[in-house]
Amino acid sequence: MTNEIEQDSLLFKFDGASVDDHSVSISTLVDSLNGLDKLARKTAENCYSKKVKVDVKVKALQPGSFIVDILLDYIEPVRLAVENAITFNEVFVSVFELGKFLLGKGILKSEPLQNDMYKTTITNCKGQQQVFNNCTVSIYSNNNTAAALDKITSPLSKTGIDNISIACGSQISTIDKSQRDYFVNDKESVLSDNESIVILEVVSPVLNGASKGWKFWDGDHEFTADIDDLTFLERVKNKEIIFQNGMQLEVSLRVVQTKHQRLYTERTITEVKRTVL
């Protein structure tokens, strides 16, 4: 039997002359809802795992705004890592806050918080620093998220839409027209985005359970890859997994190739299925 958890409704509101008559064009709604759907799915996947089915529906319209219900349906029991204790609502809204903090530029520097392995200090292009949860950083850095944020904020490029507010429970983020450029996804093009189950040899594990800095060998090449599987990382941190020379992992490996002047390949392990001794 599946378990269902209905999150607090998400309120998505437009402000500006175009909605003074309490109406929003269909084209504006379609683009934004499509982006909201993609971001909700990515957020749920990172917060709870891929074993959760996400159902996103528009429940009701209000003047200049619409309410979205996000229903999570577990395929099998899953849980949020206790020590990571950050909710879907907090992550969903903080992705927009991270985008605003970065001013449309990339992350200048990221450093794990010394007293909290689930948080990272982010430095933006102006040298300013702010602490964000690793889950937020992981979602924001994903190419699919960039496309979703572009769609969600696209109405700000139109005349008469001055602000967009996203509220999830007690969490709220407001993006104004001057900040639209921070979310335009024209920095790079995705050439390929594939995920497959593979066996990798661990070359250099990160024994404190951090997600970044892992090195692997696939039989032909050595490469680094982030690990997004919080359950596995928690077991590593708690020393429940002892790494030996030549130890292998069966994993779901996502490989994204993008192009922005030069080719760039990003590898992420989304799930560690088992150890192979």
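Heads up: the structure comes first, above all this text.
(A) How the structure looks around the pairing of strand β2 (residues 10–15). Here β2 shows a clear split, with Leu10, Phe12 and Phe14 buried on one side and none of Leu11, Lys13 and Asp15 buried on the other. As judged from the six bridges shared by β2 and strand β8 (residues 163–168), these two strands associate in the antiparallel manner. Of the residues in β8, the one forming a bridge with Lys13 is Ser165.

(B) Examining helix α4 (residues 143–153) more closely. Looking only at α4, the buried set comprises Asn143, Thr145, Ala148, Leu149, Asp150, Ile152 and Thr153. With a side-chain oxygen positioned 2.7 Å from the backbone nitrogen of Asn144, the residue opening α4 is Asn142.

(C) Expanded view of the packing of aromatic side chains. Inspection of the entire model under this criterion finds seven aromatic pairs. Ring centres 6.4 Å apart and planes at 50° place the aromatic pair Phe96 and Phe183 in the tilted group. Separated by 87 residues along the polypeptide, Phe96 in helix α2 (residues 88–101) and Phe183 in the loop between β9 (171–176) and β10 (189–204) bring together distant segments of the chain. Pair check on accessibility: Phe96 and Phe183 agree, each one buried. Taking 6.3 Å as the distance between ring centres and 10° as the angle between the ring planes, the aromatic pair formed by Trp214 and Phe216 counts as stacked. An identical accessibility class is assigned to Trp214 and Phe216; each is buried. Connected via pairs of aromatic rings, a cluster forms that spans Trp214, Phe216, Phe223, Phe232 and Phe243.

(D) Focus on unusual backbone geometry. Positive phi is not limited to glycine here, since Leu103 has a value of about 60°. Mapping Leu103 onto the fold places it in the loop between α2 and β5 (109–113). You can call Leu103 partly exposed: its relative accessible area is 21%.

Cut-offs used in this document
Along every chain, residues carry numbers that run from 1 in the direction the sequence is written. Totals for whole chains, interfaces and linings use all residues, but because this is a predicted model, local features are given only for residues with pLDDT of at least 70 and pairs of side-chain atoms are given and counted only at 80 or more. As a rule here, side-chain values cover all heavy atoms of the structure and leave hydrogens and water aside. For every residue, the accessible area obtained with a 1.4 Å probe (protein chains only) is divided by the maximum for its type, and the residue is called buried under 20%, exposed over 50%, and partly exposed between those limits. Starting at the N terminus, helices and strands are each numbered in turn, a helix being any DSSP run of H or I of at least four residues and a strand any DSSP run of E of at least two. Strands are labelled as partners when DSSP assigns at least two bridges between them. Here a polar contact is recorded for every N or O atom pair within 3.5 Å, except that within protein the pair must consist of a potential hydrogen donor and a potential acceptor, and residues adjacent in sequence are included only if both atoms are side-chain atoms. A pair of aromatic rings is counted whenever rings of Phe, Tyr or Trp (Trp by its six-membered ring) have centres within 6.5 Å, and the orientation is called stacked for planes under 30 degrees apart, edge-to-face for over 60 and tilted otherwise.

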